[in-house]
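Chain by chain, the residues:
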Amino acid sequence: MKTSSARLTGLGTTIFAEMTALAQRTGAINLGQGFPDTDGPEEIRELAAETVRGHGHHQYAPGIGIGELRQAIAEHQHRWYDLDIDPDTEIVVSTGATEAIAASLLGLLDPGDEIIVLEPYYDSYVAMIQMAGATRVPVTLRAPDFRLPINVLRAAVTPRTAALLLNTPHNPTGTVLNRGELEAIASLAVAHDLVVISDEVYEHLAFDEPHVPIATLPGMRERTITISSIGKSFSLTGWKIGWATGPAELLRSVMGVKQFLSYTSGAPLQPAAAAALGSDSAYFEEFRDRLRSQRDLLCGGLREIGFEVFPPQGTYFATTDVRPLGFDDGIDFCRRLPELAGVVAVPHEVFYDDRQAGRPLVRWAFCKRPEVLAEALDRLAVLT
Ligand SMILES: Cc1ncc(COP(=O)(O)O)c(C=O)c1O
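All values reported here derive from a predicted model rather than from experimental measurement.

**Let's talk about the overall build of the protein chain**
Link 1 in the chain: Looking only at helices and strands, the protein chain features 14 helices and 13 strands.
Link 2 in the chain: In terms of C-alpha radius of gyration, the protein chain reaches 20 Å, essentially the compact-globule figure of 21 Å for 384 residues.
Link 3 in the chain: If you line up the protein chain on its principal axes, its C-alpha atoms span 55 × 55 × 55 Å.
Link 4 in the chain: Within the protein chain, the proportion of its 384 residues that are buried is 57%.
Link 5 in the chain: For the protein chain, long-range pairs separated by at least 24 residues make up 74% of all intrachain contacts whose partners lie at least 6 apart in sequence.

In structure tokens:
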């Protein structure tokens, strides 16, 4: 009897499960997985509670999402990026960004298509490209600076290339693609008539330079699906309310798949998600500043302990090279770390096809309270 398809069990998923089990067994501080240890804004949670207690939001929402949330997403795109989006035809609300990624890849790729992807990858990309029967063509971001190698990107395009999958700010490297890099991608996409799928879930966590959606570049609005969600920007990762925006023709393909994945997403949470998106600028600034100072705390501490640290320009994650501390393999390091120091981290290698490029690298999440980060750093001091 066939019980599973091993094809879809990526090394990343296996390592996350192993590391979470290790954290639970050893009582280690878990800096492995990317979720905050504080809850999102109280007034937003209150609003969600009121909606759940009340009437009218407990049956299936429209597949594309309730009007109020689509309006809020359109206003958010206009307010932050000056993008004009039609809330009736250019938005699909999804069950987290994860479903928007799945529906975009399944909706747009045909078996045999190639899709260029920046690696290291967020792990759902690999599984979804496999499910679509397409082939991923990696473009590797390499330490120490993890910049986009534009010549490698150009060379990756073939007659079978259908799309390009971006993630900026980028998990796990923390790279925020700059205007020059985005322009290079855009000119390639236009020249070869490619669709761009842009995962921007960390859009409000660009610490140094502002985040630039590729859809704002000339010629890109009509060929880009932009994906985001409520999870990272509002410390509500468990809500799983996300969205895709883009031209109506592409969004029809996304909705065509979504209707058979979930049909409709979390109706009672959608009004509060709409309110969250309308938060005043002070919320977004304070949130970004708080995460920036957590980044600085963790990166400074890891550097003092002796790691080579590659400070991220965005996201929840910092990357280090473990070799200065006498290790040469990140997987081995992460397996031993809970016993050695009572901390859990995640090896980069599981996010690469070019496993050598990720071998000595380890990812640490700093979306944790400063006292938790300080305690983790105290524990890690045994490694010096
Ligand atoms: C790059 C990236 N994309 C998408 C997601 C998933 O977002 P959501 O929880 O909204 O499905 C994550 C979560 O870690 C992520 O890091």
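**Overview of the pattern of salt bridges**
Link 1 in the chain: In total, this model carries 21 salt bridges according to the counting rule given.
Link 2 in the chain: Where D289 meets R288, a salt bridge forms, and the shortest distance between an N and an O atom there is 3.5 Å.
Link 3 in the chain: Given the relative accessible area of 34%, D289 is considered partly exposed.
Link 4 in the chain: Given a relative accessible area of 25%, R288 falls into the partly exposed group.
Link 5 in the chain: Close ionic contact of D296 with R295 constitutes a salt bridge, the shortest N to O distance being 3.0 Å.
Link 6 in the chain: Taking relative accessible area as the criterion, R295 reaches 8% and is therefore assigned buried.

**A short note on the packing of helix α3 (residues 67–81) against helix α10 (residues 270–277)**
The packing of two helices is summarised by the inter-axis angle and the distance between the axes.
Link 1 in the chain: Between α3 and α10, the least distance of the axes is 8 Å, while the angle of their chain directions is 20°. With respect to α10, the axis of α3 lies roughly parallel. Crossing angle aside, the handedness with which α3 passes α10 is left-handed. Residues E68, L69, A72, I73, H76 and R79 of α3 lie in contact with α10, whose contacting residues are Q270, P271, A273, A274 and L277.
Link 2 in the chain: Among the residues making up the contact of α3 with α10, the classes are represented as 7 nonpolar, 2 polar and 2 charged.

**Points about the domain arrangement of the protein chain**
Link 1 in the chain: On domain assignment, one finds that the protein chain holds domain 1 (5–40 + 282–383) and domain 2 (42–279).
Link 2 in the chain: Once you take the C-alpha centre of each, domain 1 and domain 2 turn out to be 24 Å apart.
Link 3 in the chain: Opposite the 35 residues of domain 1 that make contact, domain 2 presents 44 residues.
Link 4 in the chain: Taken together, both faces of the contact between domain 1 and domain 2 bury some 3300 Å²; the carbon and sulfur share is 57%.
Link 5 in the chain: In this structure, the connection of domain 1 to domain 2 is made through 3 salt bridges.

**Digging into the site of the ligand**
Link 1 in the chain: Of all residues adjacent to the ligand, which total 14 residues, the nearest are T98, D199, S229, K232 and K240.
Link 2 in the chain: Contact between the ligand and A97: an oxygen atom at 2.8 Å from a main-chain N or O atom of the residue.
Link 3 in the chain: Between N171 and the ligand, the recorded distance is 2.8 Å, taken from a side-chain N or O atom to an oxygen atom.
Link 4 in the chain: Notes on the ligand: free accessible area 400 Å², of which the protein chains cover 92%.
Link 5 in the chain: Element by element, the count of residues in the shell around the ligand is highest for helix α4 (residues 96–108), at 4 residues.
Link 6 in the chain: Residue classes in the shell around the ligand are distributed as 6 nonpolar, 5 polar and 3 charged.

**Observations regarding the sheet that holds strand β13 (residues 361–365)**
Link 1 in the chain: Taken in spatial order, the 4 strands make up an open sheet running β9-β10-β13-β12, and their pairing is antiparallel. Across the chains shown, the open sheet's two edge strands, defined by having one partner strand only, are β9 (308–310) and β12 (346–347).
Link 2 in the chain: Where strand β10 (residues 317–321) meets β13, 5 bridges bridge the pair, whose relative direction is antiparallel. Within β13, the position partnered with T320 by the bridge is V362.

**A look at the side chain of H211**
Link 1 in the chain: With respect to the helices, strands and loops of the structure, H211 is situated in the loop between β6 (195–199) and β7 (224–229).
Link 2 in the chain: Here E200 takes part through its side chain, which lies 2.8 Å from a polar atom of the side chain of H211.

**Overview of unusual backbone geometry**
Link 1 in the chain: With an omega of 0°, the peptide bond running from E119 to P120 counts as cis.
Link 2 in the chain: In this chain, A143 is followed by P144 through a cis amide linkage whose omega measures 5°.
Link 3 in the chain: With a phi close to 50°, S235 is a non-glycine residue in the positive phi region.
Link 4 in the chain: By the secondary structure assignment, S235 is in the loop between α8 (230–233) and β8 (241–245).
Link 5 in the chain: For T315, which is not a glycine, the phi torsion comes out positive at approximately 80°.
Link 6 in the chain: Under the relative-accessibility criterion, T315 is labelled buried at 0%.

Scoring rules and cut-offs
Residues numbered from 1 in each chain as written. Predicted model: local features only at pLDDT ≥ 70, side-chain atom pairs only at ≥ 80, totals over all residues. Heavy atoms only, no water. Helix = DSSP H or I, 4+ residues; strand = E, 2+ residues; numbered from the N terminus. Rg over C-alpha atoms; globule rule 2.2 N^0.38 Å. Buried < 20%, exposed > 50% of the residue type's maximum accessible area, 1.4 Å probe, protein only. Contact = heavy atoms within 4.5 Å. Salt bridge = Lys/Arg side-chain N within 4 Å of Asp/Glu carboxyl O. Axes fitted to C-alpha atoms, helices over the stretch in contact; angles between N-to-C directions. Parallel < 35°, antiparallel > 145°, perpendicular 65-115°, else oblique. Left-handed = near helix turned anticlockwise from the far one by under 90°. Nonpolar A, V, L, I, M, F, W, Y, C, P; charged D, E, K, R; others polar. Domains from an automatic or database assignment. Buried area = accessible area lost by both parts, 1.4 Å probe. Near = heavy atom within 4 Å. Polar contact = N/O pair within 3.5 Å; in protein donor to acceptor, adjacent residues only side chain to side chain. Areas by Shrake-Rupley, 256 points an atom, 1.4 Å probe, with all protein chains shown as cover. Pairing = 2+ DSSP bridges.

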